[in-house]
Each structure stands twice: as C-alpha cells, then as structure tokens.
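Each chain, letter by letter, is given below.
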Amino acid sequence: MPQPWQDTSLSAEDRAAALLSSMTLEEKLAQLVGVWPGSESEEGEDVAPLQHEVSEAVDLDGLLPHGIGQLTRPFGTSPVEPAEGAAALARLQARITAGNRFGIPALAHEECLTGFFAWRATVFPTPLAWGASFDPALVGRAAELIGGSLRSAGIHQGLAPVLDVVRDARWGRTEESIGEDPYLVATIGTAYVRGLESAGIVATLKHFAGYAASRGGRNHAPVSIGPRELADVILPPFELAVRDGGARSVMHSYNDLDGVPSAANPWLLTELLRDTWGFTGTVVADYFGVSFLELAHRVADTRGRAAGLALAAGVDVELPAVRCFGTPLRDAIRAGEVDEALVDRAALRVLRQKCELGLLDADWSPVPSALAGAVDSAGPADLDPGPDLDLDLDPDLDLALDPPEMRAVARELAEESVVLLADDGDVLPLAPDARIAVVGPLADDPAAMLGCYTFPRHVGVEHPGLPLGIEVPTLFAALRAELPGARITHAEGCAAPGPAASAGDAGGVASAGAAALTAESRLAQAARTAADADVCVAVLGDRSGLFGRGTSGEGCDAADLELPGEQGALLDTLVATGTPVVLVLFTGRPYALGRWSRLLAATVQAFFPGEEGGPAVAGVLSGRVNPSGRLPVSVPYTSGGQPWTYAQPPLGLRGDASSIDPTPLFPFGHGLSYTSFAWERPEADATDVPTDGETTVRLTVRNTGDRAGTEVVQLYLHDPVARIARPVSRLIGYARVPLRPGESAEVHFTFHADLASYPLGADGTRVVEPGALELRLASSSADSGVRHTVPLTLTGPERTVDHRRRMVCEVRVK
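Keep in mind it's a predicted model, so treat the numbers as computed, not measured. (Residues numbered from 1 in each chain as written. Predicted model: local features only at pLDDT ≥ 70, side-chain atom pairs only at ≥ 80, totals over all residues. Heavy atoms only, no water.)

Overview of the overall build of the chain
Assigned secondary structure in the chain consists of 22 helices and 28 strands. The dimensions of the chain, computed from C-alpha atoms along their principal axes, are 75 × 75 × 50 Å. Each of the 814 residues in the chain was classed as buried or not, and the buried ones make up 62%. In the chain, 79% of the contacts between residues at least 6 apart in sequence involve partners at least 24 apart. Of the charged side chains in the chain, 64 are positive and 106 negative, and the gap between their average positions amounts to 4 Å. (Helix = DSSP H or I, 4+ residues; strand = E, 2+ residues; numbered from the N terminus. Buried < 20%, exposed > 50% of the residue type's maximum accessible area, 1.4 Å probe, protein only. Contact = heavy atoms within 4.5 Å. Lys, Arg positive; Asp, Glu negative; His and termini not counted. Charge placed at Lys NZ, Arg CZ, Asp CG, Glu CD.)

Observations concerning the layout of surface pockets
One number sums up the size of the largest pocket: a volume of about 860 Å³. Every residue lining the largest pocket is counted, 39 residues in all, and those nearest its centre are Pro182, Glu229, Asp232, Val233 and Pro727. Considering each element in turn, the lining of the largest pocket owes the most residues, four residues, to helix α9 (residues 227-234). Looking at the lining of the largest pocket residue by residue, the classes come out as 20 nonpolar, five polar and 14 charged. (1 Å grid on protein atoms, 1.4 Å probe; cavity = no way out; pocket = protein on both sides within 12 Å on 5 of 7 lines; lining within 4 Å. Points joined across faces, edges and corners; volume = space filled by probe spheres on them. Nonpolar A, V, L, I, M, F, W, Y, C, P; charged D, E, K, R; others polar.)

Thoughts on the sheet that holds strand β13 (residues 535-541)
In a beta sheet, neighbouring strands pair by backbone hydrogen bonds and run either parallel or antiparallel. Spatial ordering of the open sheet is given by β10-β15-β14-β13-β11-β12, a layout of six strands whose pairing is mixed. The strands lining the two open edges of the sheet, one partner per strand, are β10 (419-423) and β12 (487-491). Direction aside, neighbouring strands of the sheet carry axes that sit 20° apart on average. As paired strands, strand β14 (residues 581-586) and strand β15 (residues 602-606) are joined by five bridges and run parallel to one another. Paired with Phe586 across the bridge in β15 is Ala606. Running over the sheet, helix α20 (residues 519-531) touches β11 (435-439), β12 and β13 and is turned about 165° from β12. (Pairing = 2+ DSSP bridges. Axes fitted to C-alpha atoms, helices over the stretch in contact; angles between N-to-C directions.)

Notes on the pairing of strand β19 (residues 694-703)
A large share of β19 lies buried, amounting to seven of its 10 residues. Across three bridges, the pairing between strand β16 (residues 677-679) and β19 is antiparallel. Paired with Trp679 across the two strands is Val701, which belongs to β19. Inspection of the sheet shows strand β17 (residues 683-684) paired to β19 by two bridges, in the antiparallel sense. The partner of Glu683 across the bridge, within β19, is Arg698. As defined by bridge partners, β19 adjoins strand β22 (residues 744-752) across nine bridges and the pair is classed as antiparallel. Within β22, the residue paired with Arg702 across the bridge is Ser744.

Points about the sheet that holds strand β9 (residues 282-284)
In spatial order, the strands read β1-β2-β3-β4-β5-β6-β9; together these seven strands make up an open sheet with parallel pairing. Strand pairing shows two members of the sheet lacking a second neighbour, β1 (34-35) and β9, which therefore form its edges. Bridge count for strand β2 (residues 70-72) against strand β3 (residues 107-111) is three bridges, and the pairing is parallel. Residue pairing across strands places Leu71 opposite Ala108, the latter belonging to β3. The sheet contacts of helix α8 (residues 182-198) involve β4 (157-159) and β5 (202-208), and relative to β5 the element is tilted by about 150°.

Describing the pattern of salt bridges
Counted by the stated rule, this structure contains 55 salt bridges. Note that Arg120 is salt-bridged to Glu81, the shortest N-O span being 2.2 Å. Of this pair, Arg120 sits in the loop between β3 and α6 (127-133) while Glu81 is found in the loop between β2 and α5 (82-99), placing the two residues 39 residues apart along the sequence. Classification of Arg120 as partly exposed rests on a relative accessible area of 23%. (Salt bridge = Lys/Arg side-chain N within 4 Å of Asp/Glu carboxyl O.)

Regarding the nonpolar core
Of all hydrophobic cores here, the largest spans 173 residues; its most connected members are Phe208, Phe325 and Phe751. With eight residues, helix α15 (residues 340-356) is the largest single contributor of residues to this core. Ignoring any residue separated from it by four or fewer positions in sequence, one finds Phe208 in contact with Leu235, Phe238, Val250, Met251, His252, Ser253, Ser262, Leu268, Leu269, Leu272, Leu273 and Trp277. Membership of the second largest hydrophobic core comes to 40 residues, among which are Ile436, Phe476, Val582 and Ala602. (Core = buried A, V, L, I, M, F, W, Y, C linked by side-chain atoms within 4.5 Å.)

Focus on the pairing of β15
Of all five residues that make up β15, five are buried, and the element is covered over most of its length. Every second residue of β15 is oriented toward a common face, with Ala602, Val604 and Ala606 on one face and Thr603 and Gln605 on the other, all of them buried. Pairing geometry for β10 and β15, over four bridges, is antiparallel. Within β15, the position partnered with Leu420 by the bridge is Val604.

Details of the packing of α8 against helix α10 (residues 236-243)
Packed helices, taken two at a time, are described by their axes: the angle between them and the distance between them. Taken N-terminus to C-terminus, the directions of α8 and α10 make an angle of 30°; their axes are 8 Å apart at the nearest point. The angle between the axes of α8 and α10 places the two elements in the roughly parallel class. In the packing of α8 onto α10, the handedness of the crossing is right-handed. Facing Pro182, Val185, Ala186, Thr187, Thr190 and Val193 of α8, the residues of α10 in contact are Pro236, Pro237, Leu240 and Ala241. (Parallel < 35°, antiparallel > 145°, perpendicular 65-115°, else oblique. Left-handed = near helix turned anticlockwise from the far one by under 90°.)

Things to note about the side chain of Glu110
When you line up the elements, Glu110 lands in strand β3. Among the polar contacts listed, one links the side chain of Glu110 to the backbone nitrogen of Phe75, at a separation of 3.0 Å. Those residues in contact with Glu110, other than ones at most four positions away along the chain, are Arg73, Pro74, Phe75, Gly76, Phe116, Phe117, Leu150, Ile155, Gln157, Gly158 and Leu159. (Polar contact = N/O pair within 3.5 Å; in protein donor to acceptor, adjacent residues only side chain to side chain.)

Concerning the environment of Leu399
With respect to the helices and strands, the residue Leu399 is situated in the loop between α15 and α16 (404-417). Given the relative accessible area of 11%, Leu399 is considered buried. Linking Leu399 and Ser152, residues 247 residues apart in sequence, is a C-alpha distance of 9.1 Å. Setting aside its immediate chain neighbours within four residues, Leu399 contacts Pro82, Ala83, Ala86, Ala153, Ala370 and Leu371.

Focus: the packing of aromatic side chains
Under the defined criterion, the tally for this structure stands at 16 aromatic pairs. Each ring, one from Phe208 and one from Trp277, has its centre 5.9 Å from the other, and the planes form 55°; the classification is tilted. In this pair, Phe208 sits in strand β5 while Trp277 sits in the loop between α11 (266-276) and β9, placing the two residues 69 residues apart along the sequence. The residues Phe208 and Trp277 share a single accessibility class, namely buried. When the ring of Tyr254 is compared with that of Phe292, the centres are 5.5 Å apart and the planes differ by 50°; the resulting orientation is tilted. Of this pair, Tyr254 sits in the loop between β6 (249-252) and β7 (256-257) while Phe292 sits in helix α12 (residues 289-295); the two residues are 38 residues apart in sequence, bridging distant segments of the chain. Exposure class is identical for Tyr254 and Phe292. Each is buried. Between Arg787 and the ring centre of Trp679, over which it is positioned, the NZ or CZ distance is 4.6 Å. (Phe/Tyr/Trp six-rings, centres within 6.5 Å; stacked < 30°, edge-to-face > 60°. Lys NZ or Arg CZ within 6 Å of the ring centre and 35° of its normal.)

Observations concerning empty space enclosed by the protein
Taken as a whole and judged by the stated rule, the model has six cavities of 30 Å³ or more. Space inside the largest cavity adds up to approximately 110 Å³. As for the largest cavity, its lining consists of 15 residues, of which Glu111, Asp286, Tyr287, Tyr453 and Glu554 are closest to the centre. Broken down by class, the residue content of the lining of the largest cavity amounts to eight nonpolar, one polar and six charged.

What follows is the structure, encoded as structure tokens:
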C-alpha cells in the first residue's frame, strides 16, 4: 500500500507535508543540498567560480542514508556518450532511492542556455542572438525541444534563462544575456521559460538580481543602483517570467545590492519574490553562493552562519554541492543559532516540487524515457530499484541529442539573428562567380560560432583530442558550399583572439605552418590574398572561454570595447588594399566600430550563432537569406561612450556639458534588409485614453522591393514630462512582419495605460499619471529610426499599479 506521500490523489502540498513530518533533521537537510560527482578532480580548469578552492571530496556512501536533494550537471561535467550518461544517471538514481528509507530520488539539474549541456547535443545560438531575432515564438519552440531532450535523458531542472539586462557591454557574460532593453529581455526570456516548462522541465531564472549592473562591468563586482533603476530595468524580466512564464525556480545572484548580498537578502528572495509576486517554487544558490557569504562578502564568519543567513533570506537549496547546509547548518540549529522551522520551510518547497515532477510517485522509475526500451527484465515499472540496477544497453543505441529537427530550429534561429549593420549596396549579396578572399582568425574556426555556455567551449577544451561531437561548419566551409562557382581563398591574417589554443581546443587549431608565421608575415599574406580578390570577407570577433581563458564569457570581462587582439590592425590592413571589405563579426558583445564606419562595403553581426551559424551567415552573404535580425544591444562608435544603453533620460544623451559623445554607431533595434518596406500612416482607435484604459494602433507595412523579407516594427513610448527623469524612449512592443514582394500586412498594437507606469517612490510604488504621451513606430531606438508618431493623452486620476499590471503590449499581424 502506498505511503501518504506517494498517494497521487492528494495535493502535492499535502503529500510533501506528510513526508516532511516523518523525516529527521538530517533527512530534511539532505533535501536542501546538491552533489556534484567529478567536480573535485584536480585535473582541468575551473568551470565555476573558485571551484577547486571550495570543492570537497564527495562521500556518496556517507550521504546516501539521509538522501540527496539534487544531482549537479551529470552530463555537463565531463564528456560521455549520451546513452551511457543516461544509464549512469539511472544507476545513480537507483542507488540514491535504495539508500534512503523513503526512497526519494534526487532532482537532476543541467545547464541549458544554448541547448542540452551535453557532449554531442545540439548547440543553439546564444541568448544575445535570441534577442537579435526579436522572435519569442521561435525561441519558445527551441526551448521546448531542449526541454524534451533534457527530460528524455533523466534531467528535471534546467539552469536557464539568464534574465540579466545588459548595463555595460564590457561584462563578460553579455553573450549570455538577451539584450539591453528590459522589455525585450522579459518577453524573449518568458517565451524560453514557457517552452522549457511545457516540456516538464523546471526553468531556473538567473541571476536574481542586478548581476549585470556591476561596477566597471566586472564579474562578481558590487552593484550600487537606485531603487527606481532596480524596479524599472532589473526586475521586470524576472517579474514577467514568474507571473506569465510559470518559472518554478529562481537562482540568486552573486552580487550584493547596495551592500546586501543577494543570497542573504530577505527583501529580495522572500518579501518581493514570494510575498508580492506570489512565487511558490524553489530558490537555488548560484554555485558556491552560500559559501561566498563567508568567503567573499564576509557577512558571516562560519559556514553555519552563512547557511543561516541564506536560509533565513529564502535560499532553499545549496548548489552545486553540500558545504554549508549540511553538518555546519545542523550544528547551528542544535546550538540554537538557526530556527529549524526555516529548514522545514525550505524542505517543504523541495519535496512539493519533487511531487509535482512525479519523483515521489509509487511507480516512479529511475530509467528515463530514452532508455525505456533498453532494460532487461519486464520493463521499468518492474525493476527492482536497488543499487545494482541492470541496464542491458544496446551497444549501437544512440540517444540522438542532435537530431535533424533540432538542427533545423537552430538554423532558423541563427538565420533570424544575423544583423546586417551596414551595406553600401555594391557588394552584397556576393556574386556567385566572384573571387572572394575570406580572411581572419575566425574564418575557419568552429569556435567562432560557440559561446562559453556550450559544451565544446566550457568542458570540451579541457579534454585534449576530444572531437566536437557535432558538426559545426565554419564560415569558410559554408561559403564554399553556398557559392560553388566562386573562387574562394583563405588567410588567417593574425592570431586568434585570447589565449593560445591548446592541442585539444574544440575551436580548431592553426596548422604548424601558420603557427610559424610572424605577425608581420601573417598580415602581409592576408593583404596579398585580399588584393587578389574582388571582395574580401573579414571574419573577426571573439573566442569564448571561462575566467580569462577567452575574450568573451563568464569571467572574461573586457577593459574596453576595441576589437580583441591584433584584429583591429588586420582590418586596417585589409581596408588599405583597396579591395571592398565586408566585415563579419562573431562576437559575444558589441565592439566599437566607428573608425571603420566609412571604409567598409558592408558589416554583418552575428552573436555566437551556434552550430548552424556558419551556413546562416553564408546564406546572408549569398542572398539566400534576407537578413532580419535587429540589434539587441547598441554598437558603440568609440569605447569612450561606455557604459551606455539607449534608454537614457535627457542628461544621458549627447550634450554640450560633456566632451564625451555616447551616441552609438548603430542603435538598439537597428538592422537592414535586402528589400525595402513602406509604412503607411497609422491609425488609433482613440487618442484620449483613461489611465486604466487602452487603445489599439494599426499600421500597414508593405514590401516595396523585389525580395521576400521580414520587417521588424518596434513600438516605443515617449513621455514628454514626468515627475522623475525618465528615458526619452523605451520599447513597449514589437512585431516581426514577413512579406513577399508587393505584399502588405496590418500590425495591431494594443497599448494599455499600464505600460506607461513608472516607479515613483523609492519603495518601488508604480504610478500611471494623466498627461501627454507619444507612441513612436520605429525601425530602431534612434530618432532617425522613427517612422510615425501617435500622440496620446491619458485622462482621469493618477493610478497606483502593482505586479498585476499589464506588462505586455498585445500584438497581432493580419
């Protein structure tokens, strides 16, 4: 007869409470910690902050009698064949359930920022590329596929998406973020959450909150922002993802907010997140974040006190491994320093989530669906869940983590994310019989496509000789396939940016001959190759890595936004040849391009576009793909204009009071097409709108060119006069409008007055005030991008709104 906590006719809350009431303190604490097998190895570099300094040996046998709450990165710690990894996870789960008296399995989590973080799994474009697509539906579809892949292999929780709004592009993790605008981050990020959750995977919002607003763009640096910036810029993406996305987990950030570490901030993790927003899921620690209260923030002098601070603030689970929430917390409770009721609160949340995931059901099996046909005996339901689970795997079994369907979506997302920044109209699309010099250290390097949270760049580089495990065509190879009638030559031109590649670097290694070239001879060879061509495609940018082992990625912050390494000098050399130069950038952040703004034939931007990025960019260059990407971050003219984002109050824009002009070379939302579009004058249902009312604005867009293409219509709000300094313009809606030549479509934006609310009080109180507003229908955030304006007047009394306000502008394309 099943126990009460196994009775699926009861609510998850009642089942979890019944189980909790039967557990000892040690058993409850065990549910609040993770185990990271293999992380304590002395080999390899850190893949988490201070990993080798903080990690301790895992005594799995000693932990099993009390149970284990979470398993950390069972696929993403070292390379393993997917089927073998799933089988190993199933066997470990069998040991865990057999080892504790309640038969509670662990909840297994994995990274999934660019796909299932496993060897041989599809690598999708980075989140910055999601932002460039301006396509929430496609991002949601990608997340749904990623979630299904995770679930089939036995994973329950995905550590994504990153909802940090970019405040300073020098920050190394810019590539993991969706963009500099909170509305774009909120809508794209929420779509990813919905997709992941629809597949049964617990989505984890990162990093709560303020992580990307650090001083100087430095990783783990303090954050000193005002309450209004926090309320208006930092929090809305998390708020929408919790409220509308249904996210079931939140990860605290590493930073402090005005001196209070997020991991010890009860206002943030309890009062705001739970009491105000109504979040009911679990709050998990960013890796070693609880320990950092003692070791980095120094707001605690022992592990036990660090644990007590985090638990009281609202952290439910210590990740990635037990260090503070185990024996130190138990001893603090027994000494009367920490209330055991806090443990009960956290354990109840963890157990309730395990109920929701089916992990406490009587018929739960450790064998995931991908291996359901690969077991001996009668099948998963009849397996003895003992420590010696026997899985009779077919040696030819392929878990197929990179199937055609996923590659197709990765290709579509990559194509939609490529941004044509500039085009003089004379070179692109490339002629099919042209002589093309493809020059640059990233031209024939798979690493050009891959961000730091991809398996090849995160883990694979630590395993010399390991194959990529997936096919990642370089741009050079993709162009040769795209234009078989062209004569295409290649030269490196300069060394790859960042630390020298090791022999096992998954990004590709220069030949011995190329390695022997001096910097001068490389430049000379590149100049000769370019001079002998009709057009030169210069392929430059970043190579991602971790903690200084790349030019972009976690812990790879930039001192400035100049092109890394020798690439600026290479571009100068190529331009000097007189051959038209098309600049292609594969980067994790925007770089200052002003010095070449009048010298290039065209500029194409791709933000680590994933395994299909090479063919996607080649398609844009050939004209097979009409570019439709739009900038999710501004591209600076010079490095001196940073840090800057478009949503500035008047004093944040260019003015005579300063000699520094922050105006970007290419603004947020900018992107060109090979066709042209006409926007007819819009109409509004009403221009006098109550402060609790709405109106619909209709705009007809027509493709006036001779190619099919997609226009991205952006809706910005301008508030001429407010009671506090407000951004001159901010995004409140957008729509992708695909059109054939001569075709038109009508775009409907439903503007609700709530979208004009802003935080008036320092406590985050938001108001909608009566008065004049202006809606701007635009192709970018710049004044030059505004096509039409619609004046509105909000009428009636001032309103106070809260988290239940309308946050999204409803859009329809007819």
